[in-house]
Amino acid sequence: MTDVPFSCRCGEMKGTLHGATPSSGNHVRCYCSACRAAVLYTTGKDVEDHGVELYQTTPDKISFQQGQSNLEVFSFNPEKLLRYRASCCGVPMFTMLPTPKFALAGMMTDLLQDTSSIGPVASEAFIPQADGTSKHSSILKLYGGTIWRALIARVTGRWKQTPFFNIKTGKPIKAVYVPTLEERKSLPL
C-alpha cells in the first residue's frame, strides 16, 4: 500500500492519502450534473462531457499536514452530498455524504501528486446516453466496494476517524454553505 501526498492548487493545503491501491478504493469517473456543477462553481471551468475523476475511499485514509482550516463545505442539497473545497484557491477537493456514519470520501484525483498507485479509472457513473438517460459501468465496483468499505469502517469504528466531521455532533467541521439561486443559475443542475 502506498501513501500519496496531495495538495490544493496553491499549496496552502497539504495532506496524505494513506494506503492507496486500486483494491483499497475505487478510481471513478463521474458524469453527473452535480459533480460537473461543483467543478464549475468552484473553478469557473466546465468539464463538459469529460467527467470528474474521483478516488472513493474512507475518510480515515485522509490526513492533513497543513492548512486543514482552509476547508470550506458547500452543497447544492445538504441532504444529499457535501462538497469540500480549499478556501485559499477555491479548488474542489472532496465529496461525501452528509453523515460521518457512512464512511465515504470521494477525493478529486487531480490533487494527488501521483495517481499511479490508485490505478486507472475502474468504473464510471452517470454515463450520458444518446436517448438522454444515463448508465453506470462496473456497478459492483462502484457501489459494492463503497458499501463494503463503509460497512467495515462502521464495524471497526474507523468511521469516527475523520478530518471532515465533528464526531460528537455528527456535523461537518464547518457550516455548510448552500449556493444561492443566483449563483446556481448558470450551473448544469
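Read on for a plain summary of the structure. All residue numbers here refer to positions counted from 1 along the written sequence of the relevant chain. Selection of residues for local features in this predicted model requires a pLDDT of at least 70, selection of side-chain atom pairs for listing and counting requires 80 or more, and totals for whole chains, interfaces and linings are taken over all residues. Hydrogens and water molecules were not included; the side-chain quantities draw on all heavy atoms of the structure.

Observations regarding the nonpolar core
Put simply, the rule reads: Buried Ala, Val, Leu, Ile, Met, Phe, Trp, Tyr and Cys residues that are joined via side-chain atoms within 4.5 Å together make up what is termed a nonpolar core. Relative accessibility under 20% of the residue-type maximum defines a buried residue, over 50% an exposed one, and the middle range a partly exposed one, all with a 1.4 Å probe and only protein chains included. In what follows, residue pairs with any heavy atoms lying within 4.5 Å of each other are defined as contacts.
Residues Phe 6, Tyr 84, Met 93, Phe 94 and Phe 164 are the most contacted members of the largest nonpolar core, which totals 37 residues. Residues contacting Phe 164, with those up to four places away along its chain left out, are Pro 59, Ile 62, Phe 64, Leu 71, Tyr 84, Phe 94, Met 96, Pro 172 and Ile 173. By size, the runner-up hydrophobic cluster in this structure holds seven residues, among which are Leu 40, Tyr 41, Phe 74 and Phe 76.

Notes on the packing of aromatic side chains
To keep it simple, the criterion reads: Between rings of Phe, Tyr and Trp, where Trp is taken as its six-membered ring, a pair exists when centres lie within 6.5 Å; planes separated by under 30 degrees are stacked, by over 60 edge-to-face, and by other angles tilted. The way it works is that DSSP assigns letters per residue, a run of H or I at least four long becomes a helix, a run of E at least two long becomes a strand, and they are numbered from the N terminus.
Applying the stated rule across the entire model yields nine aromatic pairs. For the pair Tyr 84 and Phe 164, a centre-to-centre distance of 5.1 Å together with 65° between the ring planes defines the contact as edge-to-face. Here Tyr 84, found in strand E7 (residues 81-86), pairs with Phe 164, found in the loop between helix H2 (139-156) and strand E12 (165-166); they are 80 residues apart in sequence, far enough to count as distant. Look at Phe 164 and you get buried, because its relative accessible area is 0%. Here a set of aromatic residues connected by ring pairs shows up, and it is made of Phe 6, Phe 64, Tyr 84, Phe 94 and Phe 164.

Some words on the environment of Ser 87
Counting through the fold element by element, Ser 87 comes out in the loop between E7 and strand E8 (92-96). As a C-alpha pair, Ser 87 and Leu 71 span 16 residues in sequence and 6.0 Å in three-dimensional space. Non-local contacts of Ser 87, meaning those with residues more than four positions away in its chain, are made with Asn 70 and Glu 72.

Topic: the sheet that holds strand E14 (residues 176-177)
Applied cut-off: At least two DSSP bridges between two strands are needed for those strands to be called paired.
Across the sheet, nine strands lie side by side as E11-E10-E3-E4-E9-E8-E7-E6-E14; this open sheet has mixed pairing. At either end of the open sheet lies a strand with only one pairing partner, and these are strand E11 (134-137) and E14. Bridge analysis of strand E4 (residues 52-57) against strand E9 (residues 105-108) gives four bridges, and the strand direction is antiparallel. Residue pairing across strands places Tyr 55 opposite Met 107, the latter belonging to E9.

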